[in-house]
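So you can see what is in the structure, the chains are spelled out below.
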Number of protein chains: 2
Amino acid sequence: MAKEIRLNAFEMNCVAHQSPGLWRHPRDRSGEYKRLPYWIELARTLERGLFDGLFLADVLGVYDVFGGDARAALTHAAQIPVNDPLLLVPAMAAATRHLGFGVTVNLSYEPPYNFARRMSTLDHLTDGRIGWNIVTGYLDSAARGAGRDKQVAHDDRYAIAEDFMAVVYKLWEGSWADDAVRADAAAGVFADPDRVRKAVHDGYHFRLDALHLSEPSPQRTPVLYQAGSSPAGRLFAARHAEGVFLSGPSKSVIAPRVAAIRANAAKLGRDPKSVLMFALATAIVGASDAEAQAKLADYGRYADLEGALTLLSGWTGVDLSKFDLNQVVQHVESDAGRSALENITRADPDRSWTVRQAAEHVAIGGIGPVFVGSPATVADRLEEWIDETDVDGFNLAFAVRPETFTEVADLLVPELQRRGRYKTAYREGTLREKLFGGAPRLKAPHVAASYRWG
Amino acid sequence: MAKEIRLNAFEMNCVAHQSPGLWRHPRDRSGEYKRLPYWIELARTLERGLFDGLFLADVLGVYDVFGGDARAALTHAAQIPVNDPLLLVPAMAAATRHLGFGVTVNLSYEPPYNFARRMSTLDHLTDGRIGWNIVTGYLDSAARGAGRDKQVAHDDRYAIAEDFMAVVYKLWEGSWADDAVRADAAAGVFADPDRVRKAVHDGYHFRLDALHLSEPSPQRTPVLYQAGSSPAGRLFAARHAEGVFLSGPSKSVIAPRVAAIRANAAKLGRDPKSVLMFALATAIVGASDAEAQAKLADYGRYADLEGALTLLSGWTGVDLSKFDLNQVVQHVESDAGRSALENITRADPDRSWTVRQAAEHVAIGGIGPVFVGSPATVADRLEEWIDETDVDGFNLAFAVRPETFTEVADLLVPELQRRGRYKTAYREGTLREKLFGGAPRLKAPHVAASYRWG
């Protein structure tokens, strides 16, 4: 049977996420990002469309690389203002029963003890529907919010991340035994003190000698997502990730990365199919191809090139304000920026991209592809991507909010269902069970299971 | 006119809060603390009763003073397990329109940059109904969760707190001007970059050089609560607090503290009436005095002395497992424990308390008084307290959950309304406007206003 296609919605608690400028579209509701009714309505739409999850991006810091300051980012609302993503989840969880929530939290600036409790709390409150997108950050401005001058060097961030993961695994998996909570009113025993123990850690970066504050939650460790595309990031993904988020404009960029991560996971003894791969994409769906193309043309009138260059400069670490718009992008080089720029320039190894062309590509849907057309046309594209890159699904960004998602739920999903490539009902259980079947908790050979007690 | 009586519900994201053992009562629903429907139903009950707010306690760490380890705390669920309180708010906010939320966050273990964004996010999502109970912690076990051996010395914690407050005021009040957000689609300007600036701080404990990530929220600075009763804590309250939470068993303990905080606030140029004082209390209300007394007797069968001693040991820093239950409590002395034990022993300066009597007092309703009787009887007691101590209202704890609150909303509140001592409708606007009238944001001479820009 052809592989099922999985969909997440890719959102962010801010005005302009992957399509800068589109907040100005008359039907766009991005200005409502700071109010709960927008999010509750969105969650219900996604659940109607049987989306696996809502994937919430986050960035701690501001895109102040373009032009050397935050002026462009503020003017174009390029991921600033940006509010905390975790606090959106409880209200959406109360309004849904199945939708999962994959939330980005940058571990470089969070004390692991408090963070572990937050995620356990969300796992309880969502009945096991929480996931964590593990990121280590890419903006020096985030470090300056923490009183540092710049962020830690790239590969060192992953060393810190490994230490952080050990701490949170010890708390989530190793502090309370499965049978610790007795809640025995007659005996007057809530928890059995012999079945709860301190998590002890003395690492290079973190120390800990404390009980986890939360009793075991349905999944214990949240479903783990990761998005790093550097060599260190891919190794980290192979070790920890249950879901990987990839962004690139073409199948030829994505396919080798999928293969590399699956191969790395296999080397670590994991089933390579146990890592779900999600590619960034934007789907603009209309009743017909012509209607969808007209919609794209309409959206294009609101696209914002300077906003796109602001995001791209932040992602790459290269100040693109210093380059002529007609300069060819391969000539832009920096250590920090290499992989993100390569994401674009490799789209077609036989062509060259100017800075302007890269910005135009990014201005709707970020680095990912934009699939435009009737439900049948867009479904064809999704099937091609799945079949040719071996990804398992997509993180779908919005162009106009929430219109893009509403149309996917109501037009595209039924077409995918007709083709037998999309579920017709949610599986019961936690997010991990919905995605993988089996048990709600991580099993060996995943590293988390080695921290399990008893 | 006699002063209006204000009510908050005093809750915690855990099993046993102020009445250890009562989770075993057949009607108690404390086991549901980790599920959203409990909290949503509670919020609706409180809004029906026109409570000003839900006051959420928190503790980061475990009560491991009694017996020198966490065994008793775990057995009796004495504030462990305990989940994150902030994450309860969004779901309750979506289900209510007026109820305020005063949430405890210990600043000793939170990075201020991330914390400031969390509170701004909640202020947005609640439409300005968020408050912050500022605490610095009292358990060494919390420090061990942060990789330290013990917590910082008491008065140093308040020095750190002052530095922390300067950082968050700069972010909340000083980074974005009121007119920074233009959201001008025609001009393509979301925020005016000339009206947003970095918050810069170089203090003894915190450094910062970063924009606030959130646009201005309705209240900017959340309504500030504080509960410290030490001399350093009272000075901190006089400087920062808009609401103070006091706990003691009798009017003779509370009245001088109210007077001292109001006098300190006046010395700092603040209107002493602009600091609202809330006393801890538990109200057990029945149709008649006899019915209420029978209810108390029934509750008493589930009270848990060892649970109470576990809490009391944590609050005081004195391991009460080492003392005979019949020992008189004034003889127990320690620097750390003095004020909390005095809260009890001063209840009646002419009598002495044994350890057992103190534990019995704490076992229902913690250190506060328990008012038992018909609506008229309990209303009499509340009026006496208001009139004789000059407090403005109460943080009402529960004995049985949520029964205690439901009975207050449905039996006691109508009696207080009949007496003209309780509002009959919420005021419109933010929590700050509901509590104080006037504007949604802090005004001079409150110190926060000195950080305002423009």
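Definitions and cut-offs
Residues numbered from 1 in each chain as written. Chains lettered and ligands numbered in written order. Predicted model: local features only at pLDDT ≥ 70, side-chain atom pairs only at ≥ 80, totals over all residues. Heavy atoms only, no water. Buried < 20%, exposed > 50% of the residue type's maximum accessible area, 1.4 Å probe, protein only. Helix = DSSP H or I, 4+ residues; strand = E, 2+ residues; numbered from the N terminus. Right-handed = clockwise from strand over helix to strand, strands pointing away. Contact = heavy atoms within 4.5 Å. Buried area = accessible area lost by both parts, 1.4 Å probe. Salt bridge = Lys/Arg side-chain N within 4 Å of Asp/Glu carboxyl O. Polar contact = N/O pair within 3.5 Å; in protein donor to acceptor, adjacent residues only side chain to side chain. Expected span 1.5 Å × (residues − 1). Arc of directions from axis to C-beta. Least-squares fit on C-alpha atoms with pLDDT ≥ 70 in both. Phe/Tyr/Trp six-rings, centres within 6.5 Å; stacked < 30°, edge-to-face > 60°. Lys NZ or Arg CZ within 6 Å of the ring centre and 35° of its normal. Core = buried A, V, L, I, M, F, W, Y, C linked by side-chain atoms within 4.5 Å.

Engineer: Explain the pairing of strand 2 (residues 53–57) of chain B to me, and be specific about the residues and the numbers.
Structural biologist: Residue and element names in this part refer to chain B. Judged by how many residues are buried, strand 2 sits mostly within the fold: five of five residues are covered. In strand 2, alternate side chains face the same way, and those of Gly53, Phe55 and Ala57 on one face and Leu54 and Leu56 on the other are all buried. Since strand 1 (residues 6–12) and strand 2 lie parallel, the crossover through helix 1 (residues 36–48) that links them has a hand, and here it is right-handed.

Engineer: Now, about the interface of chain B and chain A: what can you tell me, with residues and values included?
Structural biologist: With 72 residues of chain B at the contact, the number on the chain A side is 72 residues. Summed over both sides, the interface between chain B and chain A buries roughly 6200 Å², with carbon and sulfur atoms accounting for 59% of that surface. Along the contact surface separating chain B from chain A lie 14 salt bridges. In this structure, the salt-bridge partner of B:Glu110 is A:Arg118, at a minimum N-O distance of 3.0 Å. Viewed at the interface, chain A and chain B are joined by 34 residue pairs in polar contact (both at pLDDT 80 or more). Counting only elements with at least two residues in the side of chain B that touches chain A, the list comes to helix 1, helix 2 (71–76), helix 3 (89–94), helix 4 (112–125), helix 5 (140–145), strand 5 (181–184), strand 6 (189–191) and strand 8 (207–210) of chain B. With eight residues, the single largest contributor to the side of chain B that touches chain A is helix 4 of chain B.

Engineer: Give me helix 13 (residues 375–389) of chain A: which residues, what numbers.
Structural biologist: Since the α-helix packs 3.6 residues into each turn, any two residues three or four apart lie on the same face. Residues and elements named next belong to chain A. In this model, helix 13 (15 residues) spans 21 Å end to end at C-alpha, consistent with the 21 Å of a helix rising 1.5 Å per residue. For helix 13, the set of buried residues is Pro375, Val378, Ala379, Leu382, Glu383, Trp385, Ile386 and Thr389. Viewed along the axis of helix 13, the buried residues span an arc of 165°, placing them on a single side of the element. Turning to helix 13, the residues buried within the fold contact helix 8 (251–267), strand 11 (276–285), strand 12 (370–373), strand 13 (393–397) and helix 14 (403–418). Just past helix 13, the residue Asp390 takes up positive phi, approximately 70°.

Engineer: Now, about the side chain of B:Lys295: what can you tell me, with residues and values included?
Structural biologist: Within the element layout of this structure, B:Lys295 appears in helix 9 (residues 289–300). For B:Lys295, a relative accessible area of 10% puts it in the buried group.

Engineer: Help me get a handle on the relation of the copies chain B and chain A, residues and values and all.
Structural biologist: One chain copy maps onto the other through a rotation about an axis and a shift parallel to that axis. The two copies are related by a screw operation: chain B maps onto chain A through 180° of rotation and 0.0 Å of translation along the axis, at an RMSD of 0.0 Å. Interpreted geometrically, this transformation is the action of a two-fold axis. Measuring from the rotation axis to each C-alpha of chain B, the shortest distance belongs to B:Ala91, at 2.0 Å. Taken as a fraction of all interface residues of chain B, those also at the interface in chain A reach 100%, which identifies the copy contact as same-surface.

Engineer: Pulling in residues and values, what's your account of the packing of aromatic side chains?
Structural biologist: The final tally for this structure, using the stated rule, is 40 aromatic pairs over all chains. Geometrically, the ring pair formed by A:Phe190 and B:Trp23 is edge-to-face, given 5.5 Å between the ring centres and 85° between the ring planes. Within this pair, whereas A:Phe190 is found in strand 6 (residues 189–191), its partner B:Trp23 is found in the loop between strand 1 and helix 1, the two belonging to separate chains. Comparing A:Phe190 with B:Trp23, the two get one shared label, buried. Grouping aromatic residues by their ring pairs yields a cluster made of A:Phe10, A:Phe55, A:Tyr225, A:Phe245 and A:Phe278. The aromatic ring of B:Trp453 is capped on one face by B:Arg195, whose charged end is 5.1 Å from the ring centroid. Sitting above the plane of the B:Tyr422 ring, B:Lys423 keeps its charged end 4.7 Å from the centroid.

Engineer: Explain the nonpolar core to me, and be specific about the residues and the numbers.
Structural biologist: Residues A:Trp132, A:Phe394, B:Trp132 and B:Phe394 are the most contacted members of the largest nonpolar core, which totals 290 residues. Those residues in contact with B:Phe394, other than ones at most four positions away along the chain, are B:Ile5, B:Arg6, B:Leu7, B:Asn8, B:Phe278, B:Ala279, B:Ala281, B:Phe371, B:Leu382, B:Trp385 and B:Ile386.

Engineer: Lay out the side chain of B:His76 with the relevant residues and their values.
Structural biologist: If you trace the backbone, B:His76 turns up in helix 2. A residue is classified by how much of its surface remains accessible, and B:His76, at 8% relative accessible area, is buried. Residues contacting B:His76, with those up to four places away along its chain left out, are A:Gly188, B:Ala16, B:Trp23, B:Asp304, B:Glu306 and B:Gly307.

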